[in-house]
Amino acid sequence: MKITDIPKDILESFRRGVVIPALPLALDKNGILDVRRQRALMRYYLDAGAGGVAVAVHTTQFEIRLPEYQLYEPVLQIAKEEFDRFTNETGKPVIRIAGVIGKTEQALEEARLAREKGYHAILLGVAAFNEASNEEVLKHCRAMAEIIPVIGFYLQPAVGGRRLDVDFWREFAKIGNVIAIKMAPFNRYYTFDVVRGVAESGRADEISLYTGNDDNILVDLLSEYKIECNVETITKQIVGGLLGHWAVWTRTAVLLLNDIKKGVFDDKLSDALILANQITDCNAAFFDVANNFAGCITGIHEVLRRQGLLEEIRTLNEEETLSPGQKEEIDRIYASYPSLNDDEFIKENLDRWLA
């Protein structure tokens, strides 16, 4: 499958920039997949106006692949059915993204399954190659690109990622079936390495940049890069976000990106920076920054539980739970920034999504 196989309207929407939440995993109190609420989450994101959903990624829990759970295919299938339903009912363009990780044999199997289930691209994690050379990792990426369009994934080291330098990103961007890069190192220097690598690759116009920097969402989306490259100035912008943070308050995120596209903040830099800091403060609570991201998934679950979308905050790892003080931090940001949540939108639609 090549980039040209992606329906034109979906590809154009993706390149313009959309909101792409990372799908959480819905478990019941016994730790069993809660199919009803998994579907409700998908319906929430699609009805909220997301231009895509990323399935089986970090927020979905990498453990879904373990033999004792075997949830990778079931979660892809549930999401596929909800994508199909939404497309049939609305005709709106939505990109379908599946997370792929592991060494090459495992990753090829996952990539083929994603292609078979109608996903348009994979978000390719390379944490399994933590000690490998650039060329070893690139060989792996080229193998995936033979199967399906690839979105690169720069995952922060605090949750399992590895350092990837500008030389890696320059060569990665040259791979013909690479469609985009999600930049999530939570680091300004490393983020710039990605942008510079793309600029120097010769494919700057063909590769979309998406922020995964949940600690810097709005500033990323407002930023423009100008990079001198072979006596030419390459201009790049981060067009959208593929974010765990956007797994909650998604409707507000859609409205925010729409405002950015409309230029609402063009003459309001001060207002934009105030809002950017408020969003970052929210993310600190959701992602449990105080405890080095130990509760980053359960923090998202807690917000969704409060809204009625999830019954439990339980994860596949029973030791993973809210950190001490995290619930109080979520209480604080709810009280501090009431305009940022989308509780009313969810309240109006929840019964229908759960039906």
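In what follows, the structure referred to is the one given above.
Sequence order sets the numbering: in each chain, residues are counted from 1 along the sequence as written. Restriction of local features to residues with pLDDT of at least 70 applies here, the model being predicted, together with a cutoff of 80 or more for giving and counting side-chain atom pairs; totals for whole chains, interfaces and linings are based on all residues. For side-chain calculations, the full set of non-hydrogen atoms in the structure is used, while hydrogens and water are omitted.

Visitor: Please explain the overall build of the protein as it appears in this structure.
Guide: Only DSSP runs of H or I covering at least 4 residues are called helices, and only runs of E covering at least 2 are called strands; the numbering of each starts at the N terminus. Check the secondary structure of the protein and you find 13 helices and nine strands. Each principal axis of the C-alpha atoms in the protein carries an extent, and together these give about 55 × 50 × 40 Å. For each residue, the accessible area found with a 1.4 Å probe, counting protein chains only, is set against the maximum for its type, and the residue is called buried under 20%, exposed over 50%, and partly exposed in between. For the protein, with 355 residues in total, the buried portion stands at 59%. Of the contacts made within the protein by residues no fewer than 6 positions apart, 76% connect residues no fewer than 24 positions apart. In these tables, accessible area is a Shrake-Rupley quantity obtained with a 1.4 Å probe, and a residue counts as shielded only by the protein chains included in the view. Working note: accessible area of the protein is about 14,700 Å², and carbon and sulfur atoms make up 48% of it. Working convention for charge: Lys and Arg count positive, Asp and Glu count negative, and His plus the chain ends are omitted. By convention, the point assigned to a charge is CZ for Arg, NZ for Lys, CD for Glu and CG for Asp. Here the protein carries 41 positive and 54 negative side-chain charges, and the mean point of each set is 4 Å from the other. Every residue pair with non-hydrogen atoms within 4.5 Å of one another is taken to be in contact.

Visitor: So what exactly am I meant to see when it comes to the packing of helix H4 (residues 104-116) against helix H5 (residues 134-145) here?
Guide: The description of two packed helices rests on the angle between their axes and on the distance between the axes. With axes taken as lines fitted to C-alpha atoms, and helix axes fitted only over the stretch in contact, angles between N-to-C directions fall between 0 and 180 degrees. Between H4 and H5, the shortest axis-to-axis distance is 10 Å and the interhelical angle comes to 25°. When the axes of H4 and H5 are compared, the pair comes out roughly parallel. Crossing hand, H4 versus H5: right-handed. Contacts between H4 and H5 pair Thr 104, Ala 107, Leu 108 and Ala 111 from the former with His 140, Ala 143 and Met 144 from the latter. Here the term charged refers only to Asp, Glu, Lys and Arg, the term nonpolar to Ala, Val, Leu, Ile, Met, Phe, Trp, Tyr, Cys and Pro, and the term polar to all other amino acids, Gly among them. Counted by class, the contact of H4 with H5 contains five nonpolar, two polar and no charged residues. To sort the angles, those under 35 degrees are grouped as roughly parallel, those over 145 as roughly antiparallel, those from 65 to 115 as roughly perpendicular, and the leftovers as oblique. Crossing chirality is assigned from the near helix's rotation relative to the far helix, an anticlockwise turn below a right angle marking it left-handed and a clockwise turn marking it right-handed.

Visitor: In this structure, what is going on with the nonpolar core? I would like to understand it.
Guide: Side chains of nonpolar character tend, in soluble globular proteins, to be buried together. Counting residues in hydrophobic clusters, the biggest one holds 136 residues, and the most contacted among them are Val 55 and Phe 172. Each residue touching Val 55, except ones within four places of it in the same chain, is listed here: Leu 23, Thr 60, Val 75, Leu 76, Ala 79, Phe 83, Ile 97, Ala 98, Gly 99 and Tyr 119. By convention a nonpolar core is built from buried Ala, Val, Leu, Ile, Met, Phe, Trp, Tyr and Cys residues, the set being connected through side-chain atoms within 4.5 Å.

Visitor: How do you make sense of the pattern of salt bridges when you look at a structure like this?
Guide: Side-chain pairs of opposite charge can arise where the charged atoms are in close proximity. In what follows, salt bridge is the name for a side-chain nitrogen of Lys or Arg lying within 4 Å of a carboxyl oxygen of Asp or Glu. Per the stated rule, a full pass over the model turns up 28 salt bridges. Between Arg 142 and Glu 135 there is a salt bridge; the shortest N-O distance is 2.9 Å. The exposure class assigned to Arg 142 is partly exposed, which follows from its relative accessible area of 33%. Classification of Glu 135 by relative accessible area gives partly exposed; the value is 47%. Across the salt bridge formed by Arg 196 and Glu 200, the nearest N and O atoms sit 2.8 Å from each other. The class of Glu 200 is partly exposed, set by a relative accessible area of 22%. Among the charged side chains, a network of salt bridges with common partners joins Arg 39, Arg 43, Glu 81, Glu 82, Arg 85 and Glu 89.

Visitor: Please clarify how the environment of Leu 255 should be interpreted in this entry.
Guide: Take Leu 255: it is sitting in helix H9 (residues 250-262). With a relative accessible area of 41%, Leu 255 lands in the partly exposed category. Here the alpha-carbon distance between Leu 255 and Gly 49, two residues 206 residues apart in the chain, equals 8.7 Å.

Visitor: Explanation requested: the pairing of strand S7 (residues 208-211) in the structure shown.
Guide: A regular strand carries its side chains on alternate faces of the sheet. The alternating pattern of S7 places Ser 208 and Tyr 210 and Leu 209 and Thr 211 on opposite faces, both of which are buried. Assessed by its sense of winding, the connection that carries the chain from strand S6 (residues 178-184) through helix H7 (residues 188-199) to S7 is right-handed. Here the rule is simple: two strands pair whenever DSSP picks up at least two bridges between them. Taken together, the three bridges between S7 and strand S9 (residues 232-243) define a ladder with parallel strand orientation. Within S9, the residue paired with Leu 209 across the bridge is Ile 238. Crossover handedness is defined by viewing with both strands directed away from the observer: a clockwise path from the first strand over the helix to the second marks the crossover as right-handed.

Visitor: Looking at this model, I keep getting lost on H9. Mind explaining?
Guide: Each turn of an α-helix holds 3.6 residues, which means side chains three or four residues apart point in the same direction. A helix is expected to span 1.5 Å for every residue after the first. The end-to-end C-alpha distance of H9 is 18 Å, a good match for the 18 Å that 13 residues give at a rise of 1.5 Å each. Within the span of H9, buried status applies to Thr 250, Thr 252, Ala 253, Val 254, Leu 256, Leu 257 and Ile 260. Where the residues of H9 are buried, they touch strand S1 (19-21), helix H2 (35-47), helix H8 (217-222), S9 and helix H10 (269-286). At the C-terminal side of H9, Gly 263 shows a positive phi close to 80°.

Visitor: I keep staring at the side chain of Arg 170 and nothing clicks. Help me out?
Guide: Looking at the secondary structure, you find Arg 170 in helix H6 (residues 166-173). Look past the residues within four positions of Arg 170 in its chain and what remains in contact with it is Arg 196, Gly 197, Glu 200 and Ser 201.

Visitor: Please clarify how the pairing of strand S5 (residues 150-155) should be interpreted in this entry.
Guide: Counting buried positions along S5 yields six of six residues, so the element is predominantly enclosed. The alternating pattern of S5 places Val 150, Gly 152 and Tyr 154 and Ile 151, Phe 153 and Leu 155 on opposite faces, both of which are buried. Sheet analysis places strand S4 (residues 121-124) next to S5, joined by three bridges and oriented parallel. Bridge pairing links Leu 123 to Ile 151 in S5.

Visitor: Which parts of the structure should I look at to understand unusual backbone geometry?
Guide: A negative phi angle is the norm for most residues apart from glycine, just as the trans form is the norm for most peptide bonds. A positive phi angle is found at Phe 186, which is not glycine, with a value near 55°. Along the chain, Phe 186 turns up in the loop between S6 and H7. Unusually for a residue other than glycine, Asn 292 sits at a positive phi of about 55°. Secondary-structure assignment places Asn 292 in the loop between H10 and helix H11 (296-307). For Asn 292, a relative accessible area of 52% puts it in the exposed group.

Visitor: Honestly, the packing of H6 against H7 in this entry has me stumped. Any pointers?
Guide: Here H6 crosses H7 at 40°, and the two axes come no closer than 7 Å. The angle between H6 and H7 places the two elements in the oblique class. Along this stretch, H6 crosses H7, giving a crossing that reads as right-handed. Taking contact as the criterion, the partners of Val 166, Trp 169, Arg 170 and Ala 173 in H6 are, on H7, Asp 193, Val 194, Arg 196, Gly 197 and Val 198. Of the residues assigned to the contact of H6 with H7, the class counts are five nonpolar, one polar and three charged.

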